[in-house]
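Tertiary structure, described
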Amino acid sequence: MSDTLTSDDPRYRELFDVQKEASSTNAEIYGDLSPAMDRLRDTAPVMRGSLRELLQLPTLDHYSVKRQSYTLFTFDLCNRALRENELFSSEGYNDSPSVRAMGKVILKMVGDEHRRYRSVVQPMFLRPKVENWWKPTWITGAVEALLDRIDSKQDKVDLNMDLCARLPVHIVTRGIGMDEANGLEFREHLLRSTVGGHNLSQEERMASAGEVSRMLRELITRRRADPQEDVISALITNDLPLPDGSARKLDDEEVFSYCRLIMLAGGGTTWRQLGITLHALLSNYHLWELCRDNRKLVAPAIEESARWMPTDPVFERVLTADVELEGMHIPAQSRICMCLGAANRDPGRWDNPGQYDPLRPFQPHLGFGMGPHRCLGLDVAKQEMSSALNALMDRYPNLRLDPDAPAPELLGGVEQRGMSAVPVVLR
Ligand code: HEM
């Protein structure tokens, strides 16, 4: 197993700090806003105003286009908006210059174009591929190496930093096909040139964008000469179906954009969701014990965490035609905030929805999205989290939150939230 994964590289602290991450996007918020989102949902299923406006938080000036916003709060409305992608269009992501900087990515596409582009790489993310390739080739070994490193430290560690942050960036780096040693540098430049670059100058952002392109160009050149089993080779060799029935390969810029999206989407989300899951289990200790003693409950514990506290509680769309929702007329071109955090706690769908309960009967939720843009990497993410939790339970059955450490907090904002730390006593 390689060095960067287990090294004491200071960039881990720089890059994986929920508070810093939020302030780099000017989206800093403290505390758990779930109760406030629930109150809004219980007041009306849809409201005029963005989620931030309705929560009376500072609004973000991340958009190049000004629009009137509306927020959807119930499961049914958010589910509909996610599924009806031509009406509630993902092209709304183009309003954000930092998402535009990612290039031509499936996240912003709609309809047939989205289906065709997503099909190029989908085979690399299907469950059998995750079980037969991602898991044995990358995930199992990385988890073991991280736990060996943890083992060699003192009895008290911060799992948020020493496990949750390190695992996903490593897995997505290796899965793409990039050398492990380049993973942190790539992530740093990628964040600076896209979603994390709000406080940087144009020159700084451009310099980082140049580094991202340089690293990807090097990798593409190597893989064109010698394809391997990895995501970038699939992007280079698989066909893009065209509307007239013919097909072509993706060009380099399209491959770059895909890699930017996958590296961004696959690093931070899994880190934060794994920290949330671990903290939920350890702060309800009987649930940790139940899962430890019956491993069939580990998958439901992960699923329930994505329902109860999805790391990204709000996503946006732009409306392409006038629509009437629950008696409210919403004009075309409005910005629609889908408050998944509130929808996933809709009391019309779940009993006692504010409680983290892995034993509750499973009902599809929106923590990984829904419809055509449902998370491409969700099986990779679930496998990473499941491998990490199972390995921890094997090695440290008596693992518990460190009573002497400062109490961990949920931080980061309404856009991306996660734990400040998960301090534990190992034995
Ligand atoms: C716990 C971890 C994760 C969560 C909670 C999560 C959540 C989501 C959500 C909610 C969406 C839908 C966005 C929208 O509809 O606008 C999404 C899309 C996406 N996710 Fe994830 N994600 C996670 C992990 C990953 C991983 C590990 C990867 C890749 C390795 C990944 C790659 C993607 C991609 C490429 C999309 C865009 C799909 C499309 O537009 O068709 N995600 N994710």
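What comes next is a walk through the structure. (Residues numbered from 1 in each chain as written. Predicted model: local features only at pLDDT ≥ 70, side-chain atom pairs only at ≥ 80, totals over all residues. Heavy atoms only, no water.)

Scanning the protein chain from terminus to terminus reveals 19 helices and 14 strands. The C-alpha atoms of the protein chain give 21 Å as radius of gyration, which agrees with the globular expectation for 427 residues (22 Å, within 12%). Residues classed as buried in the protein chain amount to 57% of the 427 residues present. Restricting the contact set of the protein chain to residue pairs at least 6 apart, pairs at least 24 apart contribute 73%. Working note: accessible area of the protein chain is about 17,300 Å², and carbon and sulfur atoms make up 51% of it. Taken as two groups, the 52 positive and 62 negative side-chain charges of the protein chain have centres that lie 1 Å from each other. (Helix = DSSP H or I, 4+ residues; strand = E, 2+ residues; numbered from the N terminus. Rg over C-alpha atoms; globule rule 2.2 N^0.38 Å. Buried < 20%, exposed > 50% of the residue type's maximum accessible area, 1.4 Å probe, protein only. Contact = heavy atoms within 4.5 Å. Areas by Shrake-Rupley, 256 points an atom, 1.4 Å probe, with all protein chains shown as cover. Lys, Arg positive; Asp, Glu negative; His and termini not counted. Charge placed at Lys NZ, Arg CZ, Asp CG, Glu CD.)

Two elements in contact, helix α11 (residues 166–176) and helix α15 (residues 252–283), have axes separated by 8 Å at closest approach and are oriented at 155°. Taken together, the axis directions place α11 and α15 in an arrangement best described as roughly antiparallel. Helix-helix and strand crossings are classified by hand; for α11 and α15 the assignment is right-handed. Facing α11, whose interface residues are P168, V172, T173 and I176, α15 presents C259, I262, M263, G266, G267, T270 and W271. A breakdown of the residues in the contact of α11 with α15 according to their chemical character gives seven nonpolar, four polar and no charged. (Axes fitted to C-alpha atoms, helices over the stretch in contact; angles between N-to-C directions. Parallel < 35°, antiparallel > 145°, perpendicular 65-115°, else oblique. Left-handed = near helix turned anticlockwise from the far one by under 90°. Nonpolar A, V, L, I, M, F, W, Y, C, P; charged D, E, K, R; others polar.)

Here strand β2 (residues 69–72) shows two buried faces, one formed by S69 and T71 and the other by Y70 and L72. Pairing of strand β1 (residues 46–48) with β2 involves three bridges; the strand directions are antiparallel. Bridging across to β2, M47 finds its partner in T71. (Pairing = 2+ DSSP bridges.)

What follows covers the packing of aromatic side chains. Applying the stated criterion across every chain yields a total of seven aromatic pairs. With a centroid separation of 5.5 Å and 40° between ring planes, the pair formed by F125 and W134 is classed as tilted. Comparing F125 with W134, the two get one shared label, buried. Members of the aromatic cluster, each reached through a chain of ring pairs, are F125, W133, W134 and W138. Between R335 and the ring centre of Y63, over which it is positioned, the NZ or CZ distance is 3.7 Å. The side chain of R349 reaches across the aromatic face of F75, ending 3.7 Å from its centre. (Phe/Tyr/Trp six-rings, centres within 6.5 Å; stacked < 30°, edge-to-face > 60°. Lys NZ or Arg CZ within 6 Å of the ring centre and 35° of its normal.)

Right, let's get into the sheet that holds β1. Overall, mixed pairing links the five strands, which are arranged β1-β2-β10-β7-β3 in an open sheet. Taken across any chain shown, the strands that pair with only one partner, and hence form the sheet edges, are β1 and β3 (88–89). Both strand β7 (residues 314–319) and strand β10 (residues 335–339) contribute to a ladder of five bridges, which runs antiparallel. The residue of β10 that forms the bridge with E316 is C337. Helix-sheet contacts for helix α6 (residues 75–83) involve β1, β2, β3, β7 and β10, and the interaxial angle to β10 is about 125°.

Let's shift gears to the side chain of R335. Topologically, R335 is positioned in strand β10. Residue R335 is classed as buried on the basis of its relative accessible area, which comes to 5%. At 2.8 Å, the side chain of R335 and the side chain of D95 are in polar contact. Each residue touching R335, except ones within four places of it in the same chain, is listed here: Y63, V65, R67, Q68, S69, Y70, D95, E316 and R317. (Polar contact = N/O pair within 3.5 Å; in protein donor to acceptor, adjacent residues only side chain to side chain.)

Sheet architecture is open: three strands sit in the order β4-β14-β11, paired in antiparallel fashion. The open sheet terminates on both sides in strands that have one partner only, identified here as β4 (156–158) and β11 (400–401). Pairing of β4 with strand β14 (residues 423–425) involves three bridges; the strand directions are antiparallel. By the bridge assignment for β14, V157 is matched with V424.

In this structure the tally under the stated criterion is 36 salt bridges. With its nearest N and O atoms 2.9 Å apart, the salt bridge here joins R395 to E144. Taken together, the positions of R395 in helix α19 (residues 378–395) and E144 in helix α9 (residues 127–151) put the pair 251 residues apart, joining distant regions of the chain. The salt bridge involving R222 is made with D179; its shortest N-O contact spans 3.8 Å. Separated by 43 residues along the polypeptide, R222 in helix α13 (residues 202–225) and D179 in the loop between α11 and α12 (183–193) bring together distant segments of the chain. (Salt bridge = Lys/Arg side-chain N within 4 Å of Asp/Glu carboxyl O.)

In this fold, D151 is placed in helix α9. When its relative accessible area of 32% is taken as the criterion, D151 is described as partly exposed. Sequence separation of D151 and L410 is 259 residues, and the distance between their C-alpha atoms is 26 Å. Dropping the residues within four chain positions of it, D151 is found in contact with R395, Y396 and R427.

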